[in-house]
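Geometric and topological summary
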Amino acid sequence: MTMYQYSASHQYFLGNDQLGKVGVTPFAQEQLGDVVFVELPELGRVLKAGELVGCIESVKTASEYFSPLSGVVTAVNKAVLADSGLVNSAPLTDAWLYEMSLSAPSERASLMDEKTYLETL
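Per chain, the residues get numbers from 1 upward, laid out in the order the sequence is written. Given that the model is predicted, a residue must reach a pLDDT of at least 70 before its local features are reported, and side-chain atom pairs must reach 80 or more before they are shown or counted; all residues, however, enter totals for whole chains, interfaces and linings. Note: side-chain values were computed over all heavy atoms of the structure, leaving out hydrogens and water.

1. Here's the deal with the pattern of salt bridges
The criterion, for reference: Within this document, salt bridges are pairs made up of a side-chain nitrogen of Lys or Arg and a carboxyl oxygen of Asp or Glu, the two lying within 4 Å of each other. Secondary structure elements are taken from DSSP: a helix is a run of H or I of four residues or more, a strand is a run of E of two residues or more, and numbering for both begins at the N terminus. Three labels apply to residues, based on accessible area from a 1.4 Å probe with only protein chains included: buried if under 20% of the type maximum, exposed if over 50%, partly exposed otherwise in between.
One pass over the structure, following the stated rule, counts three salt bridges. Linking Glu-51 and Arg-45 is a salt bridge whose minimum nitrogen-to-oxygen distance equals 3.1 Å. Residue Glu-119 pairs with Lys-115 through a salt bridge whose shortest N-O separation is 2.9 Å. Of this pair, Glu-119 and Lys-115 both sit in helix H4 (residues 114-120), separated by four residues, roughly a single helical turn. On the accessibility criterion, Lys-115 (59% relative accessible area) is exposed.

2. Topic: the sheet that holds strand E4 (residues 35-38)
Keep this limit in mind: Here, any two strands with at least 2 DSSP bridges between them count as paired. Between N-to-C directions, angles cover 0 to 180 degrees, with each direction set by a line fitted to C-alpha atoms, over the stretch in contact for helices.
One open sheet holds the three strands; their spatial order is E4-E6-E7, and the pairing between them is antiparallel. Each edge of the open sheet carries a strand with a single partner, namely E4 and strand E7 (62-66). Strand-to-strand twist of the sheet, defined as the mean angle between neighbouring strand axes without regard to direction, takes the value 25°. Pairing of E4 with strand E6 (residues 52-58), which is carried by three bridges, proceeds in the antiparallel orientation. The residue bridging Phe-37 from the neighbouring strand is Glu-57, located in E6.

See the structure below:
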């Protein structure tokens, strides 16, 4: 089943037990302010859940972001490299950061559904 799931570090995963997209939540982009630069992972990079992936810079701060799940980077969103402001204007749709193939689908159980995530804010 494809659905949004959220990490405590404010990344989302949208996908299923095989493949999904990762991005930052609307709450995270609000905290950052106007985003001016996004660092994306390399294609083929192997990530572990909780591992530092990159950095997002805004006019007021720089913030690291982390992989919500373990897997391999299968695609990166070049649109956010060309227009980092997408992170502010469309964090859940056009501004996904990377797509990954999951190596441990059972880790999805550690992520929150939307209701639980919103309650933690």
